[in-house]
Amino acid sequence: MRRLRLLFLFPTASILLLLFAVPLGILLVYACMTRGAYGGTMPPFTGESWLRVLDPLYLGIVGRSFLVAGISTLICVVLGFPLALFISRSGPRKNLYLSLVMLPFWTSFLVRTYAWMFLLRDTGLINTALQSLGLIREPLPLLYNWWAVILGLVYGYLPFMVLPLFSTLERLDPALMEAAGDLGARPSQSLLRVLLPLSAPGIRAGAILVFIPCLGAYLTPDLLGGGRTILIGTLIQNQFSNSRDWPFGSAISLALMALVMVMLWIQVRRKGEPLL
Amino acid sequence: MISRRKTLFFLGLTGVAGCSRANRLRLNVFNWSNYVGENTLPAFEAETGIRVRYAIYESNEEMLARVMTGNSGWDVVFPSNYFIGPMREMELLAPLDHSRLGQLGNLDSIFQKPEWDRNLHWSMPYMWGSSGILFNTKSGPSPRTWAELWTSRFQGRMTMLDDPAEVFGAALKKLGRSLNASSERDLRAALQEALRQKPLLRAYLNAEVRDQIVAGDIAACQTWATTAQQAIDAAPHLHYVYPLEGYALYADCAALLRESRRADLAHQFLDYLLRADVAAGIVTYSRTATANAAARTRIPAAISSLKTLYPDSETLARGEWFAPLAAQAQRLRDRLWTELKSA
Amino acid sequence: MKRLLPLAATGIYAFLHLPLLVLAVFSVNSSRFTLWEGFSLRWYQAAFQDQQLIEATVNSLLIAAVATAAAAVIGTLCAHALWKKDAPIITMSLSLSLVTPEIVAGISLLALFQWIFRFLNVHLGLHTVILAHVSFCISFVVIVVLARLRTFDNSLEEAAVDLGATEWQAFRHVTLPNLMPAIVSAALLAFTISFDDYVITSMVAGVDSETLPMVLYAIARRGANPMVNAISTIIVLGLGVMILASERLKES
């Protein structure tokens, strides 16, 4: 009995150990070493890279990444909630509607980002259409700004919000809303007082699934932000390419991991939906 | 290849992908996009029986990230001149054997003893170019200086390259200093300039800008001469300018990776690229600037007369070659770059 | 609210699908640019003749298929074990690996391979990419399969054991058949995620393991290319058909 269970756990455990724990351990070692003259790492061991993470410049970038990820998550909640509610109440068509949410997600992330660039450019579809309708003369600068980045992130991660929300809402008894209505609550009241609190676990799970990838995103800010901005993901990527500063890159990566762990821990402690 | 075969076997997939090629000699070449002709590789394969696995990259960083592990599988790469020193220090490169590169003499005299690799011990100059200003002539008279990219003339419709060396380099040139100035004072002055310019910019773009300036999204940009030439070929109303304050020159050089166990084939390939007719064929197709002097006479005049690729000697004298920065300065520049991006 | 909800949902669906629809429409435009110049399949033709694209697609399919198969098996076993009794360290690690930012995962794997290569003479290639993909696909499989298992009645397997079946037989003949739909969904999810991955793949790929996203990224960076529209449309249609087929499979 226990032997079989251990046997079943063994492959996952060894993959997690070898391809997840050990690599992070290596980063930990790198983060405590010194940058070589032309990149790479070498002794002596120092805490210098860790101190640099606390530099206001980099803390500012972390702050900005939190802000962007936070706004994106919030928009995902605002868009994801009605959608999940709609799907959970659509009876036999549920699966079809759910697949429709997933369909864009099944395409390449790059393709999706690329589609937005195609739409938002000065000579892109939106500007061309608005111009030919005579609504604007000069193209609107839609691409290469914060909003384009947030748009790309929302678009990319919305399904991650809808899915857990849907599974929470689906389990709710529709009679609850009716009861609230029968007791004289206006629809907006029953929404705010009954439905929203009850779907909190789904929102929390979705928020984690959206917030964390947004926090570490690096392709979207790069492509849609036009290199005008820098977020943690790009900062990390830069350390391993342009700057060739592995110790510092490792330190930021691990700092980011620590933040992620704290968030995950809070989620588990609040007895919300466990991710697994 | 062997390890790949083993892996596939291990996965029970033998015969699925490409194993029939295993017996042929092969060489893995990683190069910039648009850097060989249509027939360059097929002709080499037909002549030698070596199969060339060829892939392309768009930036030095991309290439370096891929070969940094020292076990990437690539044999020949084409770093820019200022990446040769760092890559050598990282022990990624193997020395070239000149006895197997009989046609090294074909190179232009300025590439025979370049400052970044005096004896061509580690690298073989292949293509070269500059970073200048590409602009749309429909938007008015030609800018002549970097300083004009600091005025409101192209506000919101211009881009700079997404590279600290290029942006700070242009700023330093605007200030009348050396491209490679690396004192803290110089770099901080460059940052101040770049910060002043940032609100005027649409974005920091590399290769992506080509299509945007052709389509008309962008009116002026800092870009590389080769990219500029491709844009001009697509849209003749574009014009490339070598700024009066001076500008950056770079050379992309072939180098042999230390991890390569196919040094023989690699040298054979490099010597093939050095041939005047081969180099001329490449340039005719790709419209780039070759480091091969012997090829210059065989290039159609329509190409060798392109000022974008082959500036006259007076213009060329204003150019300055990129040099790698010392570790301390590099670190400072990266930090200032982050400051610029965060602003 | 009864009327507002479908309206909002329609709007959000439009937001989700319009960009892809636009790509599909412009993939059959004969012009390079955003102006419509007439119907043409030239970009599809160009895509099908591009050697690099074809090779990359074959690589991507191969990697996704192998990684999915491995992750489906390993993940299902793990989910089954976790269903019987929680293993906090493994659950926690799986959740953590699920939410690890891709850039961190990619860089740590790169560091791992670089370190291993000091001792072993192997190259980056299909195998390193497949390993990486298996590692990030497992947690998705575990989530989907475990969620399904939690709706199952544990007593069925116990009854089978009481009737003389071994643990393995009980799993193999009682639980597994009922679990198949969930495993198919999980595999589909893993396949898509593997097929789509750029950040991690680009860090651990070697000479013969350029994947489709890597090539797409390179093309997209060189500027707008309607070929990308064509390929994207093919991917959407291909995966759409795959999803429909698997739905049918589950129903039957």
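Residues numbered from 1 in each chain as written. Chains lettered and ligands numbered in written order. Predicted model: local features only at pLDDT ≥ 70, side-chain atom pairs only at ≥ 80, totals over all residues.

Enquirer: For this particular structure, what's the right way to read the overall build of chain A?
Expert: Within chain A, the regular secondary structure consists of 13 helices and two strands. Viewed in the frame of its principal axes, chain A has a C-alpha envelope of about 70 × 70 × 35 Å. Buried residues in chain A amount to 51% of all 276 residues. Taking the intrachain contacts of chain A between residues at least 6 apart in sequence as the baseline, contacts between residues at least 24 apart amount to 69%. (Helix = DSSP H or I, 4+ residues; strand = E, 2+ residues; numbered from the N terminus. Buried ≥ 20, exposed ≤ 12 C-beta atoms within 10 Å, placed from the backbone. Contact = placed C-beta atoms within 7 Å.)

Enquirer: Where do I start with the pairing of strand E8 (residues 220–224) of chain B in this structure?
Expert: Remember that side chains alternate between the two faces of the sheet whenever the strand is regular. All names here are of chain B. By the criterion of burial, E8 is predominantly enclosed, with five of the five residues buried. Here E8 shows no split at all, with Ala220, Gln222 and Trp224 on one side and Cys221 and Thr223 on the other all buried. Alignment of strand E5 (residues 123–136) against E8, held across five bridges, turns out to be antiparallel. Note that in E8 the partner of Ser131 across the bridge is Trp224. (Pairing = 2+ DSSP bridges.)

Enquirer: Even after reading the chapter, I still don't get the packing of helix H1 (residues 2–31) of chain A against helix H6 (residues 126–149) of chain C, so can you show me in this structure?
Expert: A pair of packed helices can be characterised by two numbers: the angle between their axes and the separation between those axes. For the pair H1(A) and H6(C), the least separation of the axes is 10 Å and the interaxial angle reads 120 degrees. Between H1(A) and H6(C), the crossing angle belongs to the class labelled oblique. With respect to the hand of their crossing, H1(A) and H6(C) are arranged in left-handed fashion. Counted together, A:Thr12, A:Ile15, A:Leu19 and A:Phe20 of H1(A) and C:Leu131, C:Val134, C:Ser135 and C:Ile138 of H6(C) form the full contact between these two elements. Grouping the amino acids of the contact of H1(A) with H6(C) by side-chain chemistry returns six nonpolar, two polar and no charged. (Axes fitted to C-alpha atoms, helices over the stretch in contact; angles between N-to-C directions. Parallel < 35°, antiparallel > 145°, perpendicular 65-115°, else oblique. Left-handed = near helix turned anticlockwise from the far one by under 90°. Nonpolar A, V, L, I, M, F, W, Y, C, P; charged D, E, K, R; others polar.)

Enquirer: Could you clarify how one ought to interpret the confidence of the model for chain C in this entry?
Expert: Segments scoring low in pLDDT should not have their predicted coordinates read at a detailed level. All names here are of chain C. Per-residue confidence for chain C gives a mean pLDDT of 87; residues scoring 70 or more make up 96%. Least confident of the elements in chain C is helix H11 (residues 226–251), whose mean pLDDT is 79; most confident is helix H3 (residues 51–84), at 93. Overall fold confidence (pTM) sits at 0.88, and the ipTM for the predicted complex is 0.87. (pLDDT = per-residue confidence, 0-100.)

Enquirer: Can you help me understand the interface of chain A and chain C in this one?
Expert: By a frequent convention, interface size equals the accessible area lost on bringing the separate parts together. Counting residues at the interface gives 66 residues for chain A, matched by 69 residues for chain C. Contributing elements (two or more residues each) for the side of chain A that touches chain C: H1, helix H3 (56–88), helix H4 (94–106), helix H5 (109–120), helix H6 (125–132), helix H10 (200–216), helix H12 (232–240) and helix H13 (246–269) of chain A. The leading source of residues in the side of chain A that touches chain C is H1(A), at 17 residues. Taken together, the residues of the side of chain A that touches chain C sort by class into 52 nonpolar, 12 polar and two charged.

Enquirer: Help me understand the pairing of strand E1 (residues 26–32) of chain B in this model?
Expert: Residue and element names in this part refer to chain B. Where burial is concerned, most of E1 is hidden: six out of the seven residues are buried. Judged from the seven bridges that link them, E1 and strand E2 (residues 51–57) form a sheet pairing that is parallel. Residue pairing across strands places Asn28 opposite Arg53, the latter belonging to E2. Considered for its hand, the β-α-β crossover made up of E1, helix H2 (residues 40–48) and E2 is right-handed. Summarising the sheet, E1 and strand E3 (residues 76–77) pair through two bridges and their orientation is parallel. Paired with Phe30 across the two strands is Val77, which belongs to E3. (Right-handed = clockwise from strand over helix to strand, strands pointing away.)

Enquirer: Quick question: what am I supposed to make of unusual backbone geometry here?
Expert: Of all residues except glycine, most have a negative phi; of all peptide bonds, most are trans. Residues and elements named next belong to chain B. Of note, the phi angle at Asn34 is positive, near 60 degrees, even though the residue is not glycine. Note on placement: Asn34 falls in the loop between E1 and H2. Take Asn34: there are 19 C-beta atoms within 10 Å of it, and that puts it in the partly exposed class. Notably, Leu120 is not glycine yet its phi reads approximately 50 degrees, a positive angle.

Enquirer: What is the right way to look at the packing of H5(A) against helix H7 (residues 146–171) of chain A in this model?
Expert: All names here are of chain A. Following both chains from N to C, one finds H5 and H7 inclined at 140 degrees, their axes separated by 10 Å at the closest point. Here H5 lies oblique to H7, going by the angle between them. At the point where H5 passes H7, the crossing takes the right-handed sense. Residues Phe109, Arg112, Thr113, Trp116 and Leu120 of H5 form the contact with H7, whose own contacting residues are Ala148, Leu151, Gly152, Tyr155 and Gly156. Here the residues of the contact of H5 with H7 sort into six nonpolar, three polar and one charged.

Enquirer: Quick question: what am I supposed to make of the nonpolar core here?
Expert: Grouped burial of nonpolar side chains is what soluble globular proteins tend to show. Core analysis: the biggest nonpolar cluster contains 273 residues, and C:Val141 and C:Ala190 have the highest contact counts within it. In terms of domain composition, this core takes at least three residues from each of domain 1 (2–128 + 250–310) and domain 2 (129–249 + 317–342) of chain B. Ignoring anything within four residues of it in the chain, the contact list for C:Val141 reads C:Ala71, C:Ala72, C:Gly75, C:Thr76, C:Ala186 and C:Ala190. (Core = buried A, V, L, I, M, F, W, Y, C linked by C-beta atoms within 7 Å. Domains from an automatic or database assignment.)

Enquirer: Sorry if this is basic, but what is going on with helix H10 (residues 276–286) of chain B here?
Expert: Since the α-helix advances by 3.6 residues per turn, residues separated by three or four positions end up pointing in the same direction. When H10(B) is considered as a whole, its buried residues turn out to be B:Val278, B:Ala279, B:Ala280, B:Gly281, B:Ile282, B:Val283 and B:Ser286. Tucked inside the fold, the buried residues of H10(B) contact H2, helix H9 (263–274), strand E11 (289–290), helix H11 (293–296) and helix H12 (301–304) of chain B.

Enquirer: For this particular structure, what's the right way to read the interface of chain B and chain C?
Expert: Between chain B and chain C, the residue contacts involve 23 residues of the former and 23 residues of the latter. Looking at the side of chain B that touches chain C, the elements that each hand over two or more residues are helix H1 (2–10), E2 and helix H7 (209–215) of chain B.

Enquirer: Any chance you could explain the environment of A:Arg52 here in plain terms?
Expert: Residue and element names in this part refer to chain A. One can find Arg52 in helix H2 (residues 48–53). With 203 residues separating them along the chain, Arg52 and Ala255 place their C-alpha atoms 11 Å apart. With near-sequence residues (within four places) excluded, Arg52 lies in contact with Tyr58 and Phe248.

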